[in-house]
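Chain by chain, the residues run as shown.
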Amino acid sequence: MRARIKWSVYRVTAAVSLKAITENAIAIKKYSHKKLIAVVKDDAYGHGAAAVCHALEGAADAFAVASVEEGASLRTAGISRDILVLSPCLSVEEGVRLIGYGLIASITSTAAFHVLKKAEAIAGARVRAHLAVNTGMNRYGVRPALVAHMCALAGERIEGVYTHLYLPEDNRSLSEQVRLFRAAASAVKAYFPSAVSHIAATGGTVRGAGGDAVRVGLALYGYAPASYGGKIRLKRAMKVYATVSHRCKPTGSGAGYMRVRKQYACVHTLRLGYGDGFFRAGGLGIGKLCMDACVREGAAPFGARRLVLKDARAYAALHGTTEYEVLVSIGAHAERVYDR
């Protein structure tokens, strides 16, 4: 029998389905026929990294995070699988911490590598690393022409090679990036035959652009790029609820710092606002959101719970942004409850 979820009446609540996330991971592995590196950066896109990693330990082959701090938190939470840190260490102290927690570093430049070498001298241990290759995103990574040089410089520290695609929906761009990465991966494997090659993002996975592994984030949580919908059957993992904190017959013509033209017979207020990571421009009620209140049309019982978000993509489209931003922003503020 499923345990009853204990809801908070005080805070916006994100109900997260770990079952859905696990099923999404399995679907991705079946589709790609490759190992899965599950991206759980920014607290698993707002879903709660520790809980997600524990749920995925039987499905994911490794995890990826944005920072040493995130990786250390997962180790503290009992996660034992490999954890790749996607951002370079910015200080020797950060490098020492990475080594101490048994994390895998990203070598993104010669400068980043020298930071790791200094950290090794202090920690008294050799770092494990993957080489990041810049195939066109120009965010992180060494130029393809420098891959052989970095292999000679870093030596057997390198256990993997990866890149991140931009515009994977564009055939010409995708083809060129994949060509560059395959050449870089071949160069790395010439030095280190057991090095694992992997590629992101979700769009590239759907297009079959992965290496030995796929590195996937957004699809784990139920969203694939719109142009690839249906190729992998995914389940939304988060629904967001808020509590009715007031109802009344309106006085005057205002609603949430905004004059409204319609005369409403009754309105109610949800304890939800832009302080909870939602967007002030609205889309959830009438008028603009307050910091901690949202006015909506109609009657509703005091203390009742209302579903306010089940499709982050649709809400993002109203505000000219992406589901990434919606999930991270709202998930970071909400109290999360999980299925079991």
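Just so we're clear, the structure is a prediction, and the values are computed from it rather than from any experiment. (Residues numbered from 1 in each chain as written. Predicted model: local features only at pLDDT ≥ 70, side-chain atom pairs only at ≥ 80, totals over all residues. Heavy atoms only, no water.)

**Q** It is not clear to me how helix α1 (residues 18–32) should be interpreted in this structure. Could you clarify?
**A** Within an α-helix, residues lying three or four positions from one another point in the same direction, as the helix has 3.6 residues per turn. In this model α1 runs 21 Å from its N-terminal to its C-terminal C-alpha over 15 residues, within 8% of the 21 Å that 1.5 Å per residue would give. Of all the residues in α1, the buried ones are Leu 18, Ala 20, Ile 21, Thr 22, Asn 24, Ala 25, Ile 28 and Ser 32. (Helix = DSSP H or I, 4+ residues; strand = E, 2+ residues; numbered from the N terminus. Expected span 1.5 Å × (residues − 1). Buried < 20%, exposed > 50% of the residue type's maximum accessible area, 1.4 Å probe, protein only.)

**Q** Quick question: what am I supposed to make of the packing of aromatic side chains here?
**A** Here the distance between the centres and the angle between the planes together describe a pair of aromatic rings. Tallied over the full model, the rule gives 5 aromatic pairs. Ring centres of Phe 278 and Tyr 315 lie 6.0 Å apart, and the angle between their planes is 75°; this geometry places the pair in the edge-to-face category. Placement of Phe 278 in the loop between β11 (267–270) and β12 (294–297) and of Tyr 315 in helix α10 (residues 312–318) is noted, with a sequence separation of 37 residues between them. The same class applies to Phe 278 and to Tyr 315, which are both buried. One aromatic cluster is present, formed by Tyr 45, Tyr 221 and Tyr 324 through successive ring pairs. (Phe/Tyr/Trp six-rings, centres within 6.5 Å; stacked < 30°, edge-to-face > 60°.)

**Q** Any chance you could explain the side chain of Gln 177 here in plain terms?
**A** With respect to the helices and strands, Gln 177 occurs in helix α8 (residues 171–191). Separated by 2.8 Å, the side chain of Gln 177 and the backbone oxygen of Tyr 166 make a polar contact. (Polar contact = N/O pair within 3.5 Å; in protein donor to acceptor, adjacent residues only side chain to side chain.)

**Q** Looking at this structure, how should I read unusual backbone geometry?
**A** Glycine aside, a negative phi is what most residues show, and trans is what most peptide bonds show. Although it is not a glycine, Asp 42 sits at a positive phi angle of roughly 50°. Within the chain, Asp 43 stands out as a residue other than glycine whose phi angle is a positive 55°. If you trace the backbone, Asp 43 turns up in helix α2 (residues 41–45).

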